[in-house]
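Observations on chain architecture
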Amino acid sequence: HQRQQRCGVEPCPAGDARIRDVDRIYSTTDPQEALRLLRKYGVEYLYVGETERLYYAEEGLEKLARMEEAGELVAVYRNTEATVYAVAGQGDSAR
């Protein structure tokens, strides 16, 4: 939906780059790369639910637990189906 909202049907290099970065946030196994991208876009919350678990490899999602242990993410909501993380240091979300 990012591409449609930002560019409509026109070519959209900036939107395409953002989509690639979102994919990278979820798929990279490098916590520092993910954190850099989250901060680049000022992301306050990161959602991990059924769709993310189906679409992205487990190796990429596993880093989120390590980021939580390191204090870079804070689980603000968790149930058996989804976790919502606040990105530490982004806005008031992780307080």
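Scroll up to find the structure.
Computed from a prediction, not measured in an experiment: that's the story for all the values here. (Residues numbered from 1 in each chain as written. Predicted model: local features only at pLDDT ≥ 70, side-chain atom pairs only at ≥ 80, totals over all residues. Heavy atoms only, no water.)

**Notes on the packing of helix H3 (residues 31–40) against helix H5 (residues 58–69)**
Two elements in contact, H3 and H5, have axes whose closest approach is 10 Å; the angle formed by their N-to-C orientations is 80°. In terms of orientation, H3 and H5 fall into the roughly perpendicular class. Along the contact surface, H3 presents Pro31, Ala34, Leu35 and Leu38, while H5 presents Lys63, Arg66 and Met67. For the contact of H3 with H5, the class distribution of residues is 5 nonpolar, no polar and 2 charged. (Axes fitted to C-alpha atoms, helices over the stretch in contact; angles between N-to-C directions. Helix = DSSP H or I, 4+ residues; strand = E, 2+ residues; numbered from the N terminus. Parallel < 35°, antiparallel > 145°, perpendicular 65-115°, else oblique. Contact = heavy atoms within 4.5 Å. Nonpolar A, V, L, I, M, F, W, Y, C, P; charged D, E, K, R; others polar.)

**Quick word on the side chain of Glu72**
With respect to the helices, strands and loops of the structure, Glu72 is situated in the loop between H5 and strand E2 (73–78). One buried charged residue, Glu72, remains without a salt bridge, the closest side chain of opposite sign being Arg39 at 6.3 Å. (Buried < 20%, exposed > 50% of the residue type's maximum accessible area, 1.4 Å probe, protein only. Lys, Arg positive; Asp, Glu negative; His and termini not counted. Salt bridge = Lys/Arg side-chain N within 4 Å of Asp/Glu carboxyl O.)

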